[in-house]
Amino acid sequence: MKKDIALNRRSFLQSSAIGVGALAAPAIISSKALASSGELNFTGWAGYDKLSAVALPAFTAATGIKVNFKELPDQDTMFGEAKVALEAGGMDVTEPTIERVGAWNSNGLLGAWDPAKLAMDNYLPGLADGSAGERSRIDGNLMYVPSNWGTESLVYNKETAKLGEPPTLGALFDPANQVVLRPHSALAAMGRWLDAQGKLPRPWIDGYSDMGAMVELWDIALAEAIKAKGNVVQWWSGENEANAGFTANGATVGLCWDSTGFNLRNDGYGYIAPVEGAFAWHQGFVLLKNAVNVDQAHEFAKWVSTAEGASMWATAFSSNPVGKGASDLMDPDVATYYKGTFNDEALAKLWWWPTQSAEFLTKRAEYADKFKAA
């Protein structure tokens, strides 16, 4: 998946409004959806105003389907809400990242998508097929379809940050910096930084498939991260908190989503990949097991795969689109931003979040809590 998606990120950048790309395909909405209209209960990410202001109204205009949008700050909260909704109802679709799908499914939360009701050919190569496609299916059933993708890397104050030469994840633990961190990402960054220096007893990646290795490695990362905790000025779990870490609390460096760097790009902050490689995420839609508005959910996922829908969804997140032709419809400012951050070397080093089991996520949360409480 890494190679395919890196190539398509490059294709996106080169086929933006400043380049030449494929023609955008028109959105095809079924007559059934237009006739039935109805509504959809969608639980998604908070802090992205263009979802409510632009993307969701455009979907409603195209299909007649009203979206009841509940905003939550992070996918741990979405996971908890989905557990409640399994008994109480009220949630049809939500939007986790691909490495969480196994945990959601093992908790009995997910229903399967019907590929015949979608438009699988709309997606860029590598996003819904290849290794990503394999991770989207469980026991032959399609459990996840992509919505957008992007990275988590170093946001920094251009005047005062100390990043190292070349920039490294170690900047997050340098007492010369004031930092904004997401606890579990920070521990993963510490682990990867130590791994790159040859200071771990085994590769960091081993901890994602072996719980014994996970405890061994995360114990080390936690102990080292606690030593550097004095430079943390803000914890974040969602976009609003990440922004506030810089604008209100004076952070000079943070490990944040690319959307944070984009939002702060005109305020003296930059976004750069560390020499170890930026974390990369793949986000998409899951259908709840007890979803009521199933036809509307399929129309929703299909619309986001069209050139129009994918461009609006990616623009809302300041991320990369999943649909063919979407880049032609996006603001060239977004393309310029990504092109300035990820050259070929940085693209080749993208570190995709591995699949994480329910057991792993529970243990990871324990480590994150210990880090915050230390």
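Everything quoted here is computed from the prediction, not taken from an experiment.

Visitor: In this structure, what is going on with the overall build of the protein chain? I would like to understand it.
Guide: Across its full length, the protein chain carries 15 helices and 13 strands. Structurally, the protein chain occupies a C-alpha span of about 60 × 45 × 35 Å along its principal axes. Scored against the burial criterion, the 374 residues of the protein chain give a buried share of 56%.

Visitor: Mind showing me how you'd approach the pairing of strand β10 (residues 253–257) here?
Guide: Side-chain positions along a regular strand alternate between the two faces of the sheet. Most of β10 sits inside the fold, with five of its five residues counted as buried. Two strands pair when backbone bridges link them, and strand β7 (residues 145–157) and β10 are joined in this way by five bridges, in the antiparallel orientation. What sits directly across from leucine 154, in β10, is leucine 255. Strand direction decides the pairing type here: strand β8 (residues 179–181) and β10, joined by two bridges, are parallel. Looking across to β10, one finds that valine 180 is bridged to glycine 254.

Visitor: I keep staring at the side chain of asparagine 293 and nothing clicks. Help me out?
Guide: Structurally, the position occupied by asparagine 293 is in the loop between β12 (279–288) and α11 (294–305). Among the polar contacts listed, one links the side chain of asparagine 293 to the side chain of aspartate 92, at a separation of 2.7 Å.

Visitor: Explain helix α3 (residues 49–63) here, please?
Guide: Residue pairs three or four apart in sequence face the same way in an α-helix, which turns once every 3.6 residues. Over its 15 residues, α3 extends 21 Å from the first C-alpha to the last, a length consistent with the 21 Å expected when each residue adds 1.5 Å. At alanine 55, α3 shows its maximal bend, which comes to roughly 30°, and the proline proline 57 appears one to four places after that position. For α3, the complete set of buried residues consists of Leu51, Ala55, Leu56, Ala58, Phe59 and Thr63. After α3 finishes, the residue glycine 64 shows a positive phi value of roughly 80°.

Visitor: Just to check I follow, could you spell out the pattern of salt bridges for this structure?
Guide: Two side chains bearing opposite charge may form a pair once their charged atoms approach each other closely. Tallying each qualifying case throughout the model produces 10 salt bridges. A salt bridge links glutamate 152 to arginine 182; the nearest nitrogen and oxygen atoms lie 2.7 Å apart. In this pair, glutamate 152 sits in strand β7 while arginine 182 sits in the loop between β8 and α7 (183–196), placing the two residues 30 residues apart along the sequence. Taken as a pair, glutamate 152 and arginine 182 share a single burial class, namely buried. For glutamate 299, the salt bridge goes to lysine 302, with nearest N and O atoms at 3.7 Å. Here glutamate 299 pairs with lysine 302, and both are found in helix α11, just three residues apart, close to one helical turn. The same class applies to glutamate 299 as to lysine 302, namely buried.

Visitor: I would appreciate a short explanation of the nonpolar core in the present structure.
Guide: Taken as a class, soluble globular proteins show a tendency for nonpolar side chains to be buried jointly. Counting 115 residues, the largest nonpolar core has Trp113, Phe285 and Trp313 as the members making the most contacts within it. Among the elements that line this core, the one with the most residues is β12, at seven residues.

Criteria and cut-off values
Residues numbered from 1 in each chain as written. Predicted model: local features only at pLDDT ≥ 70, side-chain atom pairs only at ≥ 80, totals over all residues. Heavy atoms only, no water. Helix = DSSP H or I, 4+ residues; strand = E, 2+ residues; numbered from the N terminus. Buried < 20%, exposed > 50% of the residue type's maximum accessible area, 1.4 Å probe, protein only. Pairing = 2+ DSSP bridges. Polar contact = N/O pair within 3.5 Å; in protein donor to acceptor, adjacent residues only side chain to side chain. Expected span 1.5 Å × (residues − 1). Bend = angle between axes of the 7 residues up to and from the residue. Salt bridge = Lys/Arg side-chain N within 4 Å of Asp/Glu carboxyl O. Core = buried A, V, L, I, M, F, W, Y, C linked by side-chain atoms within 4.5 Å.

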